[in-house]
Amino acid sequence: MNTERPIGIFDSGIGGLTVVKAIQAALPFERIVYFGDTARVPYGPKSQITIRKYAADDTAILMRYQPKMIIVACNTVSALALDVVEKSSGNIPVIGVLKSGAILAVQVTKNNRIGVIGTQATVCSNAYACAINELDADIEVISKACPLFVPLAEEGLTSHSATRLIAEHYLTEIRQQHIDTLVLGCTHYPILRQVIEETIGNGISIIDSAEAVAIRARALLSDSGLLNRSQKAFIPHLLVSDLPQKFSVLYQLFMGSEQPDVDLVEV
């Protein structure tokens, strides 16, 4: 396989940019093609049938660019439709953020009490609890759906008073469960990380699945001899299904880099 082929990454909207940023930090010389399904965000409240259809659509868009790896930067798809992505992508490796985050959480916890926050679909699937308990059956997992975090992140309301009120509403109960580790089980949530950390309190380790999946991607590409040998940094190729101008502005806000070109594609 040509090592200069890109890493394909997709998510329901802007949340997957947290994965793009982590991949750039861990693998600075890799090409990246990112698709954000901004026309159909959020995925969390949708039915499993719909989510699985979206997963196939998103994978098909990335496959046009002949990626050497696909990263599912969407916990909802990772929980409910990873097999769809694997089937649609042929024989190239597929990494989901959910398993990567679960592995890191198990490694970090000291008191075997892990909190997970995510979309309604991710929490209802119980996928994080299953993945964590497969690794260590003695760990207790406390999950909480935080559906309003996605639209707040999509609007760029990272430190708004409304965001703080919603965070307090969602996190009060889980804060009282004596967890020592909290998994951000949606790639939008790291965008609101400061508010989440301030609300959940000191002494709780935050697991960012974007960082976890970047570590796993680097190891897989290295072991497979697929690392790009170029020493040139590339600007990500960005695709969205709606609102490219808004996405471009939010990219600049969250990535802290120049405003990129964003291509509009049909789904």
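Residues numbered from 1 in each chain as written. Predicted model: local features only at pLDDT ≥ 70, side-chain atom pairs only at ≥ 80, totals over all residues. Heavy atoms only, no water.

(A) Quick look at the packing of helix α9 (residues 161-175) against helix α10 (residues 193-200). At their nearest, the axes of α9 and α10 sit 9 Å apart, and the two run at 45° to each other. By the criterion of interaxial angle, the relationship of α9 to α10 is oblique. By crossing handedness, the relation of α9 to α10 is classed as right-handed. Judged by residue contacts, T163, R164, A167, E168, L171, I174 and R175 of α9 engage V195, I196, E198, T199 and I200 from α10. Its residues assigned to classes, the contact of α9 with α10 comprises 6 nonpolar, 2 polar and 4 charged. (Axes fitted to C-alpha atoms, helices over the stretch in contact; angles between N-to-C directions. Helix = DSSP H or I, 4+ residues; strand = E, 2+ residues; numbered from the N terminus. Parallel < 35°, antiparallel > 145°, perpendicular 65-115°, else oblique. Left-handed = near helix turned anticlockwise from the far one by under 90°. Contact = heavy atoms within 4.5 Å. Nonpolar A, V, L, I, M, F, W, Y, C, P; charged D, E, K, R; others polar.)

(B) Here's a closer look at α10. Every buried residue belonging to α10 is among V195, I196, T199 and I200, and all of these are buried. Summarising the axial view, the buried residues of α10 lie within an arc of 120°, below the 170-degree limit, and thus occupy one face. Residue G201 follows α10 closely and has a positive phi angle near 100°. (Buried < 20%, exposed > 50% of the residue type's maximum accessible area, 1.4 Å probe, protein only. Arc of directions from axis to C-beta.)

(C) Region of the structure containing the environment of G225. Relative to the elements of secondary structure, G225 occurs in the loop between α11 (209-223) and β9 (237-240). Spatially, the C-alpha atom of G225 lies 25 Å from that of A60, the residues being 165 residues apart in sequence.

(D) Geometry of the packing of aromatic side chains. In the structure shown here, the tally under the stated rule is 4 aromatic pairs. Here F149 and Y189 contribute two aromatic rings whose centre-to-centre distance is 5.2 Å and whose plane-to-plane angle is 90°, an arrangement assigned as edge-to-face. Here Y189 lies in the loop between β7 (181-185) and α10 and F149 lies in helix α8 (residues 149-154), a separation of 40 residues in the sequence. By the burial criterion, F149 is buried, and Y189 matches it. Put simply, the rings of F149, Y170 and Y189 touch in pairs and so form one group of aromatic residues. (Phe/Tyr/Trp six-rings, centres within 6.5 Å; stacked < 30°, edge-to-face > 60°.)

(E) Just the sheet that holds strand β8 (residues 205-208), in detail. Sheet architecture is open: 4 strands sit in the order β6-β5-β7-β8, paired in parallel fashion. Bordering the open sheet on either side are β6 (140-145) and β8, each of which pairs with just one other strand. Averaged over neighbouring strand pairs, the angle between their axes works out to 25° when direction is ignored. Of the pairings in the sheet, the one linking β7 to β8 comprises 4 bridges and is parallel in character. By the bridge assignment, T181 is partnered in β8 with S205. In the packing of α10 onto the sheet, the strands contacted are β5 (113-118), β7 and β8, and the crossing angle to β8 comes to about 150°. (Pairing = 2+ DSSP bridges.)

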